[in-house]
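Notes for the structure review
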Amino acid sequence: MSNGTEITVIGNLVDEPELRFTPNGAAVAKFRVASTPRKFNRDTNAWEDDKDGALFLSCSVWRQAAENCAESLQKGMRVIVQGRLKQRSYEDREGVKRTVFEVDVEDVGPSLKMATARVEKASRGAGGQGQGQGRQQGGGSRSGGWGGGQGPAQDAWSSGGGQQGQQGGWGGGDEPPF
């Protein structure tokens, strides 16, 4: 990576990913992540959110990953975002100079700390179709549940049932399922 500081942020999606397309057809998804530090309160003997220390970052992800995000992620999900932190300055409508920090996302996925997920490999050029079962299942976040998958987990990479094929491969592709 270049042109920015590499950053990894773990937090919750503040809103639904918004999928748009550039005039030349490239997909871009935008979403915000809130990363709130927790602290132990000795008086109540419980962990609490440090609301004063919350960090809200706007994130952008491009191309097939954008379509995958829009199909797989939902508001409230705990995610792990990795990318380049960039600073941008602009002037608002009142003429006040502002500076914002944004993340150009290289990779994003659900956090499995308090949830489960079933992964399906996206077909190239599928436009995100057929990936609705890749949503997180389970719950346990402060935002409540996240929708669920349907039925038992299936092979995430091919129709090979998750076992090695008869010729020693991984069910129809050259890529191992990890």
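Residues numbered from 1 in each chain as written. Predicted model: local features only at pLDDT ≥ 70, side-chain atom pairs only at ≥ 80, totals over all residues. Heavy atoms only, no water.

**Brief notes about the confidence of the model for the protein**
Overall, the predicted model of the protein reaches an average pLDDT of 75, with 68% of residues at or above 70. Highest mean pLDDT in the protein belongs to strand β2 (residues 18–21) (95); lowest belongs to strand β10 (residues 136–137) (38). Every residue in residues 128–173 scores below 50 in pLDDT, and together they form 89 contacts with partners more than four places removed in sequence or on other chains. (pLDDT = per-residue confidence, 0-100. Helix = DSSP H or I, 4+ residues; strand = E, 2+ residues; numbered from the N terminus. Contact = heavy atoms within 4.5 Å.)

**Some remarks on unusual backbone geometry**
Despite not being glycine, Asn45 shows a phi value in the positive range, around 60°. Here Asn45 lies in the loop between β4 (38–41) and β5 (46–49). Positive phi outside glycine occurs at Arg63, with the angle close to 60°. Inspection of the secondary structure puts Arg63 in helix α1 (residues 63–72).

**A look at the packing of aromatic side chains**
Overall, the coordinates contain 1 aromatic pair when judged by the stated rule. The interplanar angle of 65° and the centroid separation of 5.5 Å between the aromatic rings of Phe40 and Trp47 together place this pair among those described as edge-to-face. (Phe/Tyr/Trp six-rings, centres within 6.5 Å; stacked < 30°, edge-to-face > 60°.)

**Observations regarding the pattern of salt bridges**
Enumeration over the complete set of coordinates arrives at 7 salt bridges. Notably, a salt bridge pairs Asp15 with Arg32, separated by 3.3 Å at the nearest N-O pair. Note that Asp15 is positioned in the loop between β1 (5–13) and β2 and Arg32 in strand β3 (residues 27–35), a separation of 17 residues in sequence. Judged by its relative accessible area of 34%, Arg32 is partly exposed. Ionic pairing is found between Glu102 and Arg88, a salt bridge with its closest N-O pair at 2.8 Å. With Glu102 in strand β8 (residues 97–110) and Arg88 in strand β7 (residues 78–91), this pair connects stretches of sequence that are 14 residues apart. For Arg88, a relative accessible area of 40% puts it in the partly exposed group. (Salt bridge = Lys/Arg side-chain N within 4 Å of Asp/Glu carboxyl O. Buried < 20%, exposed > 50% of the residue type's maximum accessible area, 1.4 Å probe, protein only.)

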